[in-house]
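Descriptive analysis of the structure
So you can see what is in the structure, the chains are spelled out below.
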Amino acid sequence: MKPLQGIRVLDFTHVQSGPTCTQLLAWFGADVIKVERPGTGDATRTQLVDVPDADSLYFTMLNHNKRSICLNTKHETGKEVLARLVSSCDVLVENFAPGALGRMGFGWERIQQINPRMIMASVKGFGPGKFEDCKVYENVAQCAGGSASTTGFLGDVPMVTGAQIGDSGTGLHLALGITVALLHRQKTGRGQRVLAPMQDGVLNLCRVKLRDQQRLRAGPLREYSQFGNGIEFGEATPRAGNDSGGGQPGRILRCKGWETDPNAYTYFITQVAVWPRICELIGKPEWIDDPDYATLKARLPRLDEVFAEIEEWTSTKTKFEVMEICNPLNIPVGPILSMKEIAEDQGLRESGTIVEVEHPERGKYLTVGCPIKFSDHNVVVDRSPLLGEHTVEILADVLGYEDDELQRIIESGAVGKV
Ligand code: CAO
């Protein structure tokens, strides 16, 4: 028995944010039915193509374990089928541009009329307010959610991060909202609307930067390198380079080979609890009792000097040697892993986080499996569906159309070629 077995999801999502959410629901055991426009489907099927005439990795890596039905929801017969889907599903997930679902004739009121138990879950760029009608992509959300203004180096331009916190991050938030709404429905029998705006999701992940914004009132942010460098703080949380976001100062430091390998670096955290061990390790035992270095408060204005000394040591070791030496000493460090190294990591493969999937059009490819592990539920990653692969199966088995009705729907053109 899978955790969400028996839950049927009408998946109206596209691109990245919505699909990450419904992919998680599918991995938790829900039957996810992806509704796509005949002929084209999710735009990502043909974006960033690496294998001609095959679904792109962009699509396949975000749509595992789903079924695909083609349906023109602006066609009269398509609307009839959609209404039947709405009445047969527990959850509708969508991330259309604002208002698109209403223009199809399936706004929240209509959905509730058809199926009062329906949970209608949406990703939008912004929540209610002056920007609610805007279309939004990943980097816009990173900028509007406070991430870009606080990422990058002081004096340099705002920076977006490679982690898709606007899209995949919001997908995660929405999946949590849906599971909570499902629990709530168990108690009340009622569905509800769930909204995860991307700006809000990014801000939630940037919570510590709003913390720092408020701390500025009490004086300079002493754990920021900027403090030790004598640079005044302005009115807003500044960019902090690779400074750690918490109370334990950390930095990215060079390791052996950095001159030629762009990823020969380690993250090194000078955790207070292990400071004496760090001093011994880097050959500065005199710092243990020196009042200029012995306490965190004393070290904060000297972080450049402290990390320069640590880097003297790390640059004589590979990033993995740093890890091997520091781990037994309880010193928190982490190698900067390239995507190549991650793709080849045996541990991640054994844990099911890096998974090799077979696809009829593209052969084998790697994907990221379910990042959440359950003791009672083993997630098996199945390939993404081909466009409209399950159209007839869904019309007949899920929606119960008999042969003559099936024929009428196919001939109407509402489901494209089958
Ligand atoms: N049958 C018929 N029409 C369909 C259809 C189907 N099966 N599926 C979609 N459509 C139509 C929609 O109804 C809409 O038509 P109208 O504009 O006439 O109402 C149209 O396709 C386009 O939908 P869209 O506006 O959502 O798509 P877009 O490519 O123009 O915009 C995006 C994409 C992502 C900017 C927008 O959807 C958006 O802002 N979504 C919310 C925020 C979000 O999730 N962003 C992250 C995306 S991942 O980076």
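Residues numbered from 1 in each chain as written. Predicted model: local features only at pLDDT ≥ 70, side-chain atom pairs only at ≥ 80, totals over all residues. Heavy atoms only, no water.

**Observations regarding the environment of L387**
Among the secondary structure elements, L387 is positioned in the loop between β11 (363–368) and α17 (391–398). Along the primary structure L387 and T40 are separated by 347 residues, whereas in three dimensions their C-alpha atoms are 8.0 Å apart. Excluding anything up to four places from it in sequence, L387 contacts E36, R37, G39, T40, G41, R45, S68 and C70. (Helix = DSSP H or I, 4+ residues; strand = E, 2+ residues; numbered from the N terminus. Contact = heavy atoms within 4.5 Å.)

**A few points about the pairing of strand β3 (residues 66–70)**
Among the five residues of β3, five are classified as buried, and the element is accordingly described as predominantly covered. Every second residue of β3 is oriented toward a common face, with K66, S68 and C70 on one face and R67 and I69 on the other, all of them buried. Here strand β2 (residues 31–36) pairs with β3 via five bridges, running parallel. Of the residues in β3, the one forming a bridge with E36 is C70. (Buried < 20%, exposed > 50% of the residue type's maximum accessible area, 1.4 Å probe, protein only. Pairing = 2+ DSSP bridges.)

**Brief notes about the packing of aromatic side chains**
Under the counting rule described, the total for this entry stands at six aromatic pairs. Residues F28 and F374 carry aromatic rings whose centres are separated by 5.6 Å and whose planes lie at 80° to one another, so their mutual orientation is edge-to-face. Of this pair, F28 sits in the loop between α1 (17–27) and β2 while F374 sits in the loop between β11 and α17, placing them 346 residues apart in sequence. With a relative accessible area of 34%, F374 lands in the partly exposed category. For the pair W287 and Y293, a centre-to-centre distance of 4.4 Å together with 10° between the ring planes defines the contact as stacked. With respect to class, W287 is no different from Y293; both count as buried. Taken together, the ring pairs in this structure connect W275, W287 and Y293 into an aromatic cluster. We note R84 situated over the ring of Y401; from NZ or CZ to the ring centre the distance is 3.9 Å. A cation over a ring is seen here: R110 above F106, with NZ or CZ 4.6 Å from the ring centre. (Phe/Tyr/Trp six-rings, centres within 6.5 Å; stacked < 30°, edge-to-face > 60°. Lys NZ or Arg CZ within 6 Å of the ring centre and 35° of its normal.)

Treat this as a map of the structure, not an account of what it does.
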